[in-house]
Amino acid sequence: MRHLGLRARVTAGFAVGAALLATSMALISYDLTRRSLLDERERTAVRAAYFDAGVVRIGLNTDEPDVVEVLRSLDTGSSRRPLLYLDGSWYGRTAETAATSVPAALQERVRAGQPGVQRVQLAGQLTLLVGVPLPDGASYYELTSLRELEETFQVLALALTAVAIMVAGSGAAFGWYATRHSLRPLTAVADAAERISAGDFTTRLAPATDPDLTRLSTSFNDMVDQLARRIERDRRFAADVSHELRSPLQTLYAAASVLTRRREHHDERTATAAGLVADEIGRFQQLVNDLLELARTDQPAQRESVDIVALAGEVCQSRGLPESLVRPDPGTPAEWRVDRRRTEQLLVNLLENAVRYGGGPVAVRLSAVGATGVVEVDDAGPGVPVADRAVIFDRFVRSRAARARAGTDGTGLGLAIVAQHAAAHGGHATVADRPGGGARFRVELPGSLE
């Protein structure tokens, strides 16, 4: 399950917090407003009902009162309906008015001489019912429709819901904006770390104006300074050792060459030993050359336009291999923008690795993936163990990987140089099994086809 990033979690937190706050405020506002409006409408309805009840009492205080005419004389408008209970009968201004409109409990209360107020549902509408006792056992009721008030509540609920949604969205936007600025120092650290991992050890964080971030930038810059000094010491040590070894190695190689040329003057065992010594000195010289090259690979790539197909063919020829090994994919440009020296060394080391440890190269493939140039060298060896693939280009594990593949004590520094040259171009190197057997070393050089 993929976890949300820090920025997404903070933004979601702001959104949820804003939504909860807005929802709480909306519910409280709705409840207070509803109660206030209902109470105000109830007070208004009670005052109107008492006034109308007084008018009805005066109208009935005659010798032969006309009940229907008395009710029609009331100014109740369209929202109020009068009901009168007199001498066991119900009277209203319209025929649809019936006793069933008044709950029995309210009737008993009013007949007992106590006024009453109750909210009821009539024909699907909320209605306020006010009962007022009259003399001689009569009762006056007034039904006030709350339809307009209910519509007001619906509009209020929609408005508060829209406000809550907007507040939640605003909270998310604010959280996104806040995290964008608050996480900017971490983004700067990540960018600096990427440039440092690509070999740019001059990268430093700008001094933070925020006192809370000063320690972060200072500690990071100190760490990079120490790392750069340590790498420079290691590079200088490797270069110094390699330079010191070249002179005695050349002397040994010359002496071994003399012994090899005079092998017919020695017995068989001595001649075999001389040949082995010469071979090992040659490999030792190659190791020293690789070590010197590795010490120089921390410099940035100097890109120029290079005919990669011709360069690959020249490298094959220089190693006694046929140019037919070079196989550019259809549509792959011949001109690449790469560091010529690094690319040539990359091809040399991959081919030598295939010759020495992989049973010989079978193809040098050149292809394009967007603006990235891809170099693949296939060999005819036994392939690469799965356990070694993740670390095959790690310079400290490379010798073990090479020995595991070849059953020899090969140094594998050539592959370390391949990885370093690829990194100098902003790319990387990988290894996998080749379809049909053997290994496939793949090097990606981003930006080489722009």
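Everything below is about the structure printed above this text.
Summary of the structure given here.

Overview of the nonpolar core
Working step 1: Core analysis: the largest hydrophobic core is formed by 30 residues, its most contacted members being Cys316, Trp336, Leu347, Leu350, Leu351, Val364 and Val443.
Working step 2: Once residues lying within four places of it in the same chain are set aside, the contact partners of Leu351 are Val315, Cys316, Leu321, Pro361, Val364 and Val377.
Working step 3: Judged by nonpolar contacts, the second largest core, of 22 residues, contains Ala49, Val67, Val130 and Leu149.

Focus: a nonpolar patch on the surface
Working step 1: Taken together, the side chains of Leu21, Met25, Ile28 and Leu32 define a hydrophobic patch exposed on the protein surface, amounting to about 410 Å² of accessible area.
Working step 2: With respect to the secondary-structure elements, Leu32 resides in helix H1 (residues 6–60).

With respect to the layout of surface pockets
Working step 1: Approximately 200 Å³ is the volume found for the second largest pocket.
Working step 2: What lines the second largest pocket is Arg41, Thr44, Ala45, Ala48, Ser78, Ser79, Arg80, Thr144, Ser145, Arg147 and Glu148.
Working step 3: Elements with a minimum of two residues in the lining of the second largest pocket: H1, strand E5 (139–145) and helix H4 (147–182).
Working step 4: With four residues, the single largest contributor to the lining of the second largest pocket is H1.
Working step 5: Looking at side-chain class alone, the lining of the second largest pocket contains two nonpolar, five polar and four charged residues.

Some details on the pattern of salt bridges
Working step 1: One pass over the structure, following the stated rule, counts 15 salt bridges.
Working step 2: Residue Arg34 pairs with Glu150 through a salt bridge whose shortest N-O separation is 3.7 Å. Here Arg34, found in helix H1, pairs with Glu150, found in helix H4; they are 116 residues apart in sequence, far enough to count as distant.
Working step 3: Of the residues examined, Glu150 reaches a relative accessible area of 24% and is grouped as partly exposed.

Looking at the sheet that holds strand E1 (residues 80–86)
As a general point, the strands of a sheet are linked pairwise by backbone hydrogen bonds and lie either parallel or antiparallel.
Working step 1: Taken together, the five strands give an open sheet; going across it, the order is E2-E1-E5-E4-E3, and neighbouring strands pair in antiparallel fashion. Every other strand in the sheet has two partners, leaving strand E2 (89–92) and strand E3 (116–122) as the edge strands with one partner each. Strand-to-strand twist of the sheet, defined as the mean angle between neighbouring strand axes without regard to direction, takes the value 25°.
Working step 2: Bridge count for E1 against E2 is four bridges, and the pairing is antiparallel. Bridging from a neighbouring strand, Leu86 pairs with Ser89 of E2.

A short note on the pairing of E3
Working step 1: Pairing geometry for E3 and strand E4 (residues 125–133), over seven bridges, is antiparallel. In the sheet register, Val117 faces E4, and the bridge partner there is Val130.

What about the packing of helix H5 (residues 184–197) against helix H6 (residues 211–261)?
Working step 1: Relative to each other, H5 and H6 sit at 5°, their axes nearing to 12 Å. Taken together, the axes of H5 and H6 are roughly parallel relative to one another. In this structure, H5 uses Pro185, Val189, Ala192, Ala193 and Ile196 to contact H6, whose residues at the interface are Leu213, Leu216, Phe220, Val224 and Leu227.
Working step 2: For the contact of H5 with H6, a count of residues per class yields 10 nonpolar, no polar and no charged.

Conventions and cut-offs
Residues numbered from 1 in each chain as written. Predicted model: local features only at pLDDT ≥ 70, side-chain atom pairs only at ≥ 80, totals over all residues. Heavy atoms only, no water. Core = buried A, V, L, I, M, F, W, Y, C linked by side-chain atoms within 4.5 Å. Buried < 20%, exposed > 50% of the residue type's maximum accessible area, 1.4 Å probe, protein only. Contact = heavy atoms within 4.5 Å. Patch = residues over 30% accessible without salt bridge, like charges linked within 9 Å, V, L, I, M, F, W, Y side chains within 5 Å. Areas by Shrake-Rupley, 256 points an atom, 1.4 Å probe, with all protein chains shown as cover. Salt bridge = Lys/Arg side-chain N within 4 Å of Asp/Glu carboxyl O. Helix = DSSP H or I, 4+ residues; strand = E, 2+ residues; numbered from the N terminus. 1 Å grid on protein atoms, 1.4 Å probe; cavity = no way out; pocket = protein on both sides within 12 Å on 5 of 7 lines; lining within 4 Å. Points joined across faces, edges and corners; volume = space filled by probe spheres on them. Nonpolar A, V, L, I, M, F, W, Y, C, P; charged D, E, K, R; others polar. Pairing = 2+ DSSP bridges. Axes fitted to C-alpha atoms, helices over the stretch in contact; angles between N-to-C directions. Parallel < 35°, antiparallel > 145°, perpendicular 65-115°, else oblique.

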